[in-house]
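Chain and residue survey
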Amino acid sequence: MSVIYSYRFSVVGDSQGAKRLSTVLNNFCVGLNQELKTDIDLYSYSVASGEEVTNATLQELCQLIPGLVRIDLTKCFQVSDVGMWCISSHCFETLKHLVLSDCNQLTHVGLRSLSLTCVNLLSLDFTNCKLLDDVAMTTIATGCWALKILIMEGCIRITDAGVVEISKQLGKTLQVLNLNYCTKVGDFGSRGLVAVGTNCNALKVLDIKGCRRVEDIGLKTIANGCRGLESLKLSGCTTVNGPAIISIFENLPNLNTLVLNDCTKLQDKDLKMCFDGVSNNNASLRDTLTSLDMSGCERMTDEGVYAMCNCLGKSLYQLNISGSSITDTSSSIVSSYCKRLRALDLSRCMSLTDDSVHIVAREITALTSLKLDGISANRVTLRTIMSYVSPPVPST
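Residues numbered from 1 in each chain as written. Predicted model: local features only at pLDDT ≥ 70, side-chain atom pairs only at ≥ 80, totals over all residues. Heavy atoms only, no water.

1. Digging into the packing of aromatic side chains
Summed over all chains, the structure comprises 3 aromatic pairs. Relative to Phe-275, the ring of Phe-249 has its centre 5.1 Å away and its plane inclined at 65°; by these criteria the two rings are edge-to-face. Taken as a pair, Phe-249 in helix H11 (residues 242-251) and Phe-275 in helix H12 (residues 268-281) lie far apart in primary sequence, 26 residues in all. We note that Phe-249, like Phe-275, is buried. Seen from their ring centres, Tyr-306 and Tyr-337 are 5.8 Å apart, and the 80° between their planes marks the pair as edge-to-face. A residue pair is termed long-range when its members are at least 10 positions apart, and Tyr-306 in helix H14 (residues 302-312) and Tyr-337 in helix H15 (residues 328-337) qualify at 31 residues. (Phe/Tyr/Trp six-rings, centres within 6.5 Å; stacked < 30°, edge-to-face > 60°. Helix = DSSP H or I, 4+ residues; strand = E, 2+ residues; numbered from the N terminus. Buried < 20%, exposed > 50% of the residue type's maximum accessible area, 1.4 Å probe, protein only.)

2. What about the pairing of strand E11 (residues 257-260)?
Burial of E11 is two-sided: the residues Thr-257 and Val-259 facing one way and the residues Leu-258 and Leu-260 facing the other way are all buried. Alignment of strand E10 (residues 231-234) against E11, held across 4 bridges, turns out to be parallel. Looking at the pairing, Lys-233 lines up with Val-259 of E11. Crossover connection from E10 via H11 to parallel E11: handedness right-handed. Alignment of E11 against strand E12 (residues 291-293), held across 3 bridges, turns out to be parallel. (Pairing = 2+ DSSP bridges. Right-handed = clockwise from strand over helix to strand, strands pointing away.)

3. Concerning the nonpolar core
Counting residues in hydrophobic clusters, the biggest one holds 112 residues, and the most contacted among them are Leu-42, Leu-73, Ile-87, Phe-126, Met-152 and Phe-249. No other element matches H14, which puts 6 residues into this core. If near-sequence neighbours (up to four positions away) are discounted, Leu-42 is found in contact with Phe-28, Val-53, Leu-58, Leu-61, Ile-71, Asp-72, Leu-73 and Cys-76. (Core = buried A, V, L, I, M, F, W, Y, C linked by side-chain atoms within 4.5 Å. Contact = heavy atoms within 4.5 Å.)

4. What about the packing of helix H7 (residues 134-141) against helix H8 (residues 160-170)?
Their axes nearest at 8 Å, the elements H7 and H8 cross at an angle of 0°. When the axis of H7 is compared with that of H8, the two are roughly parallel. Contacts from Asp-134, Met-137, Thr-138, Ile-140 and Ala-141 in H7 reach Ala-161, Gly-162, Val-163, Glu-165, Ile-166, Gln-169 and Leu-170 in H8. Across the contact of H7 with H8, the residue classes break down as 7 nonpolar, 3 polar and 2 charged. (Axes fitted to C-alpha atoms, helices over the stretch in contact; angles between N-to-C directions. Parallel < 35°, antiparallel > 145°, perpendicular 65-115°, else oblique. Nonpolar A, V, L, I, M, F, W, Y, C, P; charged D, E, K, R; others polar.)

5. A short note on the environment of Leu-229
You can see Leu-229 is positioned in the loop between helix H10 (216-225) and E10. Judged by relative accessible area, which is 0%, Leu-229 ranks as buried. When the C-alpha positions of Leu-229 and Gly-162 are compared, they lie 21 Å apart, and in sequence the two are 67 residues distant. With residues up to four places along the chain from it excluded, the contact list for Leu-229 reads Leu-203, Lys-204, Val-205, Leu-206, Ile-222, Leu-252, Asn-254 and Leu-255.

Any functional reading would require information that these geometric values do not contain.
Here you go:
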């Protein structure tokens, strides 16, 4: 530890030096012997020290602890491609996890240095790295690593072309792919989704919420090719027909989380077929699915909700059917079949009344969250809602 003291504090006064010493010990050291951590969160260090993390900071750290296993550079806005060179030069043998969320100066140039040397990297998080594009995706795809987790959430320049490259090159190892709010994905139909479904057979988590459009062929390919999926989140399903949705429910037995937003073509008859398929071909889904979000399915009525809850109700902890055409009858159905619910979203279900609040509050005793946003105050009154809100505990 004497190395750290002289390295970081030799030029500062006693008071400032003591503060920095405390910050370093809390963020970089662990245990009674104050051994150097191999998992470093530089964002937490920046907040605690009041100092901005730069490429120079990163270089000093990598030289000091070349055995780093995980580096978190979330919101380290001054870190650029130069910082990636520092990491690839000093931590290439041990680094397994790298978080670069909101590092908006990064480009494919910096990724190139990582991809050539960091052979043991398993997970990369580029959330909201706005400069990354399909060239960056190609660079990631052709790296010397065997990535299991790739998070590109909010990387708005990525298109289907980049998704295709990732799927082809990393499909055998990739287990988590997050393209949430990559808004250009889907611009050219379902090319990207088809590539994922064809090549990423080991995938367990797929998040493409916020994409432009999901088509039948993309959804069916995912259902047939990624049968180990445990979490699937899709939005932009406005053109998807019933048979494609049915393929999801029939072919993915391990799902615990399913989000299918804006299925505006989905009707009650399709839902009945979906859940008949679960009963006949995929019965294990009755026990595994704990979170279901089918918000924006505007043609779904009480009949569709009955088919859903009768089939899956006993395992659900979270249910979102906001924006559907249901009545208070659905509230009774949900209350009868979904006794384990912790969270229920009925927002924008414009036919609901105070009766729904009474039914749900009294019958689902485990419920901790009920959303009723966008419903007329004349139908669901504040007085009724507040009658079930616990008063604040008085302070002692």
